[in-house]
Amino acid sequence: METSRRTVIAAAAAAGLTAATVGTAHATGGRKPVKSLFGKLADGTKIYSWSLANGGTKLKVLTYGGIVQSLEIPDRHGKYKNVSLGFDNIDDYVASSPYFGALIGRYGNRIGKGQFALDGKRYQLSVNDGANSLHGGAKGFDKRVWDIEPFTKGSDVGLYLYYTSVDGEMGYPGTLKVKVTYTLTKAGDWRIDYEATTDKATVVNLTSHVYWNLAGEGSGSIYDHELKIAAARYTPVDSGLIPTGELAKVSGTPFDFRRTKTVGEDIRVAHQQLLYGKGIDHNWALDKGITAKPEHIATLKDPSSGRTLKMATTEPGLQFYSGNFLDGTLVGTGGAIYRQGDALCLETQHFPDSPNQPSFPSTVLRPGRTYRSTTVHSFGA
């Protein structure tokens, strides 16, 4: 990674750009986060963007939803592009966003029938995906305004994001206090650290919903992107995309990404699971399981630009979504229409519907304990 960044900086210098222009780390730890007004909600609430850069990576984050509005990285020639899908205005995020770049909670992914039982009591959640609850309900963390504080720490720069979810919000028990830390390191890595505490037993599953296109947002299909996932099993789903409870082998199926292959290689194979998801929208049970420190689990590469994304996490699962429901009705940041397969999501997580699946890793959080999760995105070219 360091060698790659030095190569990019050298290329930029040859083009007459300064180190600060490409966002590399320097004595003060990278570019200090800058706050600016992005827009206003209908009730007059001001939404701000925070821009930061370090190690060759540039990040812009909104107070609305903790959204990654853009993430720019260089290609093999040092040319920057935004590789995250999104909008250029707050109105579209409020009205139309399919979770572009958002922080997801209280529960990432689906909970069947929007219900679960905990300590002998049954809870009814907000239902917003057919009969199911998806990504925290109709007004999840992606639609809340977060308090953001910038920081510099040694050679790192970043943002602290805070939100308190009150008892009963979207049907979830307990007042949940959440802190999420976005860090850009001197190597250009984007690290996410999640923390949460509760005053009543509840379930928690936080994640990030960036839509990746390493060729650049609005550049077309990601079916030629190459992907490798360190997982020998996945969780099959029913027609409502709720896991059946089985941990099925990927061997002999379109879900086998243990060797590097293109996203599109098997995506149109006549397999019932692909029919249910209109493509890939499934959870992989990572070989490493839950770990105390982030371990490498996936590599994504765009051959045309050379850009790569390597992911490491403490989580036991990875939801791979191939952008199946992008339908040509959304106009993105750069003015292009987003269509099916124009991006993919790699959401580190506990498994979908875990509160109703006793054999899955538990997502229960109790008073006196702290929920912690970390995911690291490392970029190269």
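Residues numbered from 1 in each chain as written. Predicted model: local features only at pLDDT ≥ 70, side-chain atom pairs only at ≥ 80, totals over all residues. Heavy atoms only, no water.

Colleague: How do you make sense of the nonpolar core when you look at a structure like this?
Modeller: In summary, soluble globular proteins display a tendency toward joint burial of nonpolar side chains. Ranked by size, the top nonpolar core spans 58 residues in total, and within it W190, W212, I229, W284 and F320 carry the most contacts. By residue number, the principal contributor to this core is strand 13 (residues 176-184), which donates 5 residues. The contact partners of I229, leaving out residues within four places of it in the chain, are F257, R258, W284, L286, I297, A298, L318 and F320. Of all hydrophobic cores here, the second largest spans 22 residues; its members include Y93, Y338, A343 and C345. (Core = buried A, V, L, I, M, F, W, Y, C linked by side-chain atoms within 4.5 Å. Buried < 20%, exposed > 50% of the residue type's maximum accessible area, 1.4 Å probe, protein only. Helix = DSSP H or I, 4+ residues; strand = E, 2+ residues; numbered from the N terminus. Contact = heavy atoms within 4.5 Å.)

Colleague: I tried to follow the layout of surface pockets on my own but got confused; where do I start?
Modeller: Space left empty within the atom packing is revealed by a probe, the size of a water molecule, rolled over the atoms. Approximately 410 Å³ is the volume found for the largest pocket. Taken together, 23 residues line the largest pocket, and the ones lying closest to its centre are P98, Y99, L134, Y321 and F325. Each residue belonging to the lining of the largest pocket can be placed in one class, and the counts come to 9 nonpolar, 8 polar and 6 charged. Empty space within the second largest pocket amounts to approximately 350 Å³. As for the second largest pocket, its lining consists of 15 residues, of which H350, S362, V364, T370 and Y371 are closest to the centre. Those elements that place two or more of their residues in the lining of the second largest pocket are strand 28 (364-365) and strand 29 (371-380). Broken down by class, the residue content of the lining of the second largest pocket amounts to 5 nonpolar, 6 polar and 4 charged. (1 Å grid on protein atoms, 1.4 Å probe; cavity = no way out; pocket = protein on both sides within 12 Å on 5 of 7 lines; lining within 4 Å. Points joined across faces, edges and corners; volume = space filled by probe spheres on them. Nonpolar A, V, L, I, M, F, W, Y, C, P; charged D, E, K, R; others polar.)

Colleague: When you look at the sheet that holds strand 5 (residues 80-82) in this model, what are you seeing that I'm missing?
Modeller: Two modes of strand pairing occur in sheets, parallel and antiparallel, and in both the strands are linked by backbone hydrogen bonds. Spatially, 5 strands are ordered 1-2-3-4-5 in an open sheet, and the strand pairing comes out antiparallel. Strand pairing shows two members of the sheet lacking a second neighbour, strand 1 (31-40) and strand 5, which therefore form its edges. On average, adjacent strands in this sheet sit at an angle of 15 degrees to one another, irrespective of strand direction. (Pairing = 2+ DSSP bridges. Axes fitted to C-alpha atoms, helices over the stretch in contact; angles between N-to-C directions.)

Colleague: Where do I start with the packing of aromatic side chains in this structure?
Modeller: Working definition: an aromatic ring pair is given by the centre-to-centre distance plus the angle between the planes. With the rule as written, the count across this model stands at 23 aromatic pairs. Note on F255 and W284: the rings are 5.7 Å apart at their centroids and 55 degrees apart in plane angle, and the pair reads as tilted. In this pair, F255 sits in the loop between strand 19 (248-249) and strand 20 (261-262) while W284 sits in strand 21 (residues 281-285), placing the two residues 29 residues apart along the sequence. Each member of the pair, F255 as well as W284, is classed as buried. Of the aromatic side chains, those joined through ring pairs into one cluster are F38, F87, Y93, F100, Y211, Y321, F325 and Y338. When the ring centre of Y48 is taken as reference, the NZ or CZ atom of K35 above it lies at 4.2 Å. (Phe/Tyr/Trp six-rings, centres within 6.5 Å; stacked < 30°, edge-to-face > 60°. Lys NZ or Arg CZ within 6 Å of the ring centre and 35° of its normal.)

Colleague: Looking at this structure, how should I read the confidence of the model for the chain?
Modeller: Low pLDDT means the predicted atomic positions in that stretch should not be read closely. Averaged over every residue, the pLDDT of the chain is 93; residues scoring 70 or more account for 92%. In this model, residues 1-29 is a region of pLDDT below 50 whose contacts with residues beyond four sequence positions or in other chains number 51 contacts. (pLDDT = per-residue confidence, 0-100.)

Colleague: Could you clarify how one ought to interpret the sheet that holds strand 13 in this entry?
Modeller: In spatial order, the strands read 11-12-13-14-29-23-22-17-20; together these 9 strands make up an open sheet with antiparallel pairing. In the strand order of this sheet, the two ends are held by strand 11 (147-153) and strand 20, each with one partner. Across 7 bridges, the pairing between strand 14 (residues 190-198) and strand 29 is antiparallel. Bridging across to strand 29, Y194 finds its partner in S373.

Colleague: Help me understand the environment of H209 in this model?
Modeller: Along the polypeptide, H209 turns up in strand 16 (residues 207-209). The spacing of H209 and L346 is 137 residues in sequence and 7.5 Å in space, taken between C-alpha atoms. If we ignore the near neighbours within four places in the chain, the residues touching H209 are P98, Y99, F100, G101, A102, I104, H135, C345 and E347. Reaching out from H209, the side chain makes a polar contact with the side chain of H135 at a distance of 3.4 Å. (Polar contact = N/O pair within 3.5 Å; in protein donor to acceptor, adjacent residues only side chain to side chain.)

Colleague: What's the story with the pairing of strand 9 (residues 121-124) in this structure? I'm lost.
Modeller: In the case of a regular strand, side chains alternate between the two sheet surfaces. Both strand 8 (residues 115-118) and strand 9 contribute to a ladder of 4 bridges, which runs antiparallel. In the sheet register, F116 faces strand 9, and the bridge partner there is Y123. Hairpin connection from strand 8 to strand 9: 2 residues lie between these consecutive antiparallel strands, with D119 at a positive phi of about 55 degrees.

Colleague: Got a minute to help me understand the environment of V68 in this structure?
Modeller: Mapped onto the elements, V68 comes out in strand 4 (residues 68-74). Setting aside chain neighbours within four positions, we find V68 in contact with L59, K60, S84, G101, Y182, W190 and V210.

Colleague: Is there a simple way to explain unusual backbone geometry in this structure?
Modeller: Among all residues except glycine, the phi angle is most often negative; among peptide bonds, the trans geometry is most common. With an omega of 0 degrees, the peptide bond between G105 and R106 qualifies as cis. We note that K113 has phi near 60 degrees; this positive angle belongs to a residue other than glycine. Assignment of secondary structure puts K113 in the loop between strand 7 (110-111) and strand 8. The exposure class of K113 is exposed, given its relative accessible area of 59%.

Colleague: Just checking my understanding: could you explain the environment of P243 for this structure?
Modeller: Its location among the elements puts P243 in the loop between strand 18 (233-235) and strand 19. Take P243: its relative accessible area is 5%, and that puts it in the buried class. For P243 and A131, which are 112 residues apart along the polypeptide, the C-alpha to C-alpha distance reads 14 Å. Look past the residues within four positions of P243 in its chain and what remains in contact with it is T235, P236, V237, P352, D353, Q357 and F360.

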